[in-house]
Amino acid sequence: MVKYKISVTDDYKKLVPFLIANELEFSEDEPVPEGLVKCWEITDQADGTLVGACILAKREGEFIIEGIAIDARYRNSKLGKLLMDRGIEETLKHGGRRIFLVARAPGFFRKQGFVTVSEAESPDFFECLDCPQYGKSCHPEVMRLNL
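Our subject in this report is the structure included herewith. (Residues numbered from 1 in each chain as written. Predicted model: local features only at pLDDT ≥ 70, side-chain atom pairs only at ≥ 80, totals over all residues. Heavy atoms only, no water.)

1. Some details on the side chain of Asn22
Phase 1: Residue placement: Asn22 occurs in the loop between α1 (12–21) and β2 (36–44).
Phase 2: Polar side-chain contacts of Asn22 include one of 3.2 Å to the side chain of Arg75.
Phase 3: With residues up to four places along the chain from it excluded, the contact list for Asn22 reads Ala69, Ile70, Asp71, Ala72 and Arg75. (Helix = DSSP H or I, 4+ residues; strand = E, 2+ residues; numbered from the N terminus. Polar contact = N/O pair within 3.5 Å; in protein donor to acceptor, adjacent residues only side chain to side chain. Contact = heavy atoms within 4.5 Å.)

Now the structure itself:
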């Protein structure tokens, strides 16, 4: 049986290659995001392999999941929900009442209670909405969870 360890990390830069490898839109050249609240990592206790990561930030008064990913080999093991629960707990601890994110896997987030929001309801700090590929070759959804 595989055992996991979830922990808070201050090493944002360590998580970026993992998020990129899991097809999230990150760049190793970007600075640490503005308003970073907390980062979590999940490692396999047997060998220390990074198997999950989540980044929570606050921008313009709104909490956002900057990125969340689970290695494909470890999906369907409830690790994504574990990370999401940590993000929700932290948001509530800071007085937040909702969380936004851009979802490439909206089905997972719907199961967690997120709903898709229109472009008009979306905070305008999501770069996706300004991308020329948005809605053409890339179809992420801006989603919100009311807490």
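2. Some thoughts on the environment of Asp47
Phase 1: Relative to the assigned elements, Asp47 resides in the loop between β2 and β3 (50–59).
Phase 2: What makes Asp47 exposed here is its relative accessible area of 52%. (Buried < 20%, exposed > 50% of the residue type's maximum accessible area, 1.4 Å probe, protein only.)

3. Examining the state of the cysteines
Phase 1: Evaluated as defined, the whole model comprises zero disulfides.
Phase 2: Left without a disulfide partner, Cys39 is nearest to the cysteine sulfur of Cys54, which lies 8.3 Å away.
Phase 3: Taking relative accessible area as the criterion, Cys54 reaches 0% and is therefore assigned buried. (Disulfide = S-S within 2.5 Å.)

4. A look at the pattern of salt bridges
In a structure, side chains of opposite charge can pair up when their charged atoms sit close to one another.
Phase 1: Taken as a whole, this structure holds nine salt bridges when the rule is applied.
Phase 2: When the shortest N-O distance is used, the salt bridge between Glu141 and Arg110 registers 2.6 Å. Placement of the pair is Glu141 in strand β7 (residues 141–146) and Arg110 in helix α3 (residues 106–111), with a sequence separation of 31 residues.
Phase 3: When its relative accessible area of 43% is taken as the criterion, Arg110 is described as partly exposed. (Salt bridge = Lys/Arg side-chain N within 4 Å of Asp/Glu carboxyl O.)

Everything listed here is a matter of geometry and, on its own, says nothing about what the molecule does.
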